[in-house]
Amino acid sequence: MIDLKELREYPDRFRQGVADKGMSVDIDRLLALDEARRSILTRQESARAEQNRISKEAGPKLGQLKGKSKGAHGEEKAALEAAITQLEARPAALKLEIQECEHRLLAIEPEWKSLWMQVPQPPAADVPKGQGSEDNVEIRRWAPPQWDFQKTFEQNRGFKPRTHVELLKLHRLADFERGVKMSGTRHYVLTGLGMRLHQAVLRYAVDFMADARGFTPMGVPVIVKEECMVGTGFFPAGREQAYHIEESRRGSGHDLFLTGTGEVGLMGIHADEILNLEDLPLKYCTVSTCFRREAGAAGKDTAGLYRIHQFDKVEQVVVCEANDAQSRAWHAQMIETVETILQSFKLPYRLLQCCTGDLGVKNEDMIDIESWMPGRGEIGLDGSPQGAFGETHSASRLRDFQCRRLNLRYKDAQGKTQFAFALNNTVIASPRVLIPILEMHQQADGSIIVPPVLRPYMGGIGQIGAD
RNA sequence: GGACAGGUGGCCGAGCGGCUGAAGGCGUCGGUUUGCUAAACCGGUAUAGGAGUUAAUACUCUUAUCGCGGGUUCGAAUCCCGCCCUGUCCGCCA
């Protein structure tokens, strides 16, 4: 969430941010509610202050009088009771005033809070403006020497590509029918070498993060309380995307939610903590199962492993000092990590600078990495797919938006408590990444060459489907 | 799941209706003393919100916070109710 003080001081900055992200949050309404809330609060506090003063001075006296009046009779008792009534009048009036303020606060706070939570992090100044994904800007692309982006798959390789769905069937790497039988649409079973390849990719990525990049691997909950979802910025906006476990309907406990990314568990670890400067930067990675309802995506990417309800992902997060240069440096390093991994798989990809309209509530800057998927895209005149880029990674800079919500702070060099900056990035998401791996490494006979870096995790198997 | 016990500041731990934002200790920070270190002594040491003074560091006032929420009361860490969590024993179980 954003800093309310900053909002009061520079409301235009946030109005512009809302507009640039193509969102609609009524900033003026929020400012009005905030103003009203503070004036009520001031009134309530001064009433409380007086109440406290009175109860210190008159309180003990009252107690004494009441004690005496119990034992007293006749005129003496009447006099005592009159004194008591008089003493009680002022606190009673204050109590009423405090209660009235309380009621007025209760009336505006839900809307105030809700609007506040909706105000997005304004995009960084150098993020290109745009409406949506069509305005994203390609930064660069990379391909292994034997691949030419100007040519079709057939021109590059000398044969027509099979789609990953065909390859999965051919080698019995996945079973969609039975997945659907058990769990419905967008579910699947990974079978045999399909499961091994999936595991290989994940293991390789975790080892790479730990050994080559010095990140600490973590195993985190994928079932979390609502606070974690709100704190990491996935709620309230993304509520529809999360599976909801309604434990409260069973009469006890609190509801839980399945996380859509390991980011939730990783960032939740230090919620409500104040870290020492020496603890930063935090460099964490995890491999976790991710659950997504894909609400609103009906009919999109229904075939294959592209858009599914359950997958596994190696995620990296960095929590660093509240410093723009540091945040940018880590962002660059995270992207470099992804490029190194994709290059080690020899997969063509491109980097996209996401425009303002394609950013979510919580990020100020995002780079998507799309891998080339020959089996994707329009069907051409020759009857085979033309190929297309498909998003496999995404790297975001969140400034202090997420740590503010999580109440994750640190003590800086001056000893001042600050909200930290956070970043997150996909290291590898599987089985989606299996799509380019299978499609790009298929051979004319339909067999698939396993990238050498994955072979140690595949029991040394170098080719799938070779006779 | 059942039966007890308990949740107080960075930690330990007292308090069980007003004098308690909270004793005492540990830790920590600043200082004094001392060949050095240690010890001893003195002083400070929660967080968040609001208002104000200041160029700013900062300071002053004020409110809230003793697991969370609600209630009783002129007044709640303290009494009552609900929930959450932790510990121990029993039951069940990868």
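What counts and how
- Residues numbered from 1 in each chain as written.
- Chains lettered and ligands numbered in written order.
- Predicted model: local features only at pLDDT ≥ 70, side-chain atom pairs only at ≥ 80, totals over all residues.
- Heavy atoms only, no water.
- Pairing = 2+ DSSP bridges.
- Helix = DSSP H or I, 4+ residues; strand = E, 2+ residues; numbered from the N terminus.
- Core = buried A, V, L, I, M, F, W, Y, C linked by side-chain atoms within 4.5 Å.
- Buried < 20%, exposed > 50% of the residue type's maximum accessible area, 1.4 Å probe, protein only.
- Contact = heavy atoms within 4.5 Å.
- pLDDT = per-residue confidence, 0-100.

Points about the sheet that holds strand S7 (residues 256–258)
- The strand order S5-S7-S6 describes an open sheet built from 3 strands, whose pairing is antiparallel. Unpaired on one side and paired on the other, strand S5 (223–225) and strand S6 (244–245) mark the two borders of the sheet.
- In the sheet, S6 pairs with S7 via 2 bridges, with the strands oriented antiparallel. What sits directly across from Ile245, in S7, is Leu256.

Topic: the nonpolar core
- Leu197, Phe345, Ile428, Ile437, Leu438 and Leu454 are the most contacted members of the largest nonpolar core, which totals 61 residues.
- At 9 residues, the largest contribution of residues to this core is made by helix H8 (residues 193–212).
- Excluding its chain neighbours within four sequence positions, the residues that come into contact with Phe345 are Tyr204, Ile428, Ile437, His441, Pro451, Val453 and Leu454.
- Grouped together as the second largest cluster of nonpolar side chains are 21 residues, Met1, Ile2, Leu33 and Met117 included.

A look at the side chain of Thr356
- Mapped onto the elements, Thr356 comes out in the loop between strand S11 (349–353) and strand S12 (365–373).
- Residue Thr356 is classed as buried on the basis of its relative accessible area of 1%.

Here we look at the environment of Thr42
- In this structure, Thr42 sits in helix H3 (residues 27–71).
- By relative accessible area, Thr42 is classed as exposed at 53%.
- When the C-alpha positions of Thr42 and Ala124 are compared, they lie 35 Å apart, and in sequence the two are 82 residues distant.

Re the confidence of the model for chain A
- For chain A, per-residue confidence averages 91 on the pLDDT scale, and residues scoring 70 or more make up 94% of the total.
- Taken element by element, the predicted model of chain A shows its lowest mean pLDDT in H3 (79) and its highest in S11 (98).

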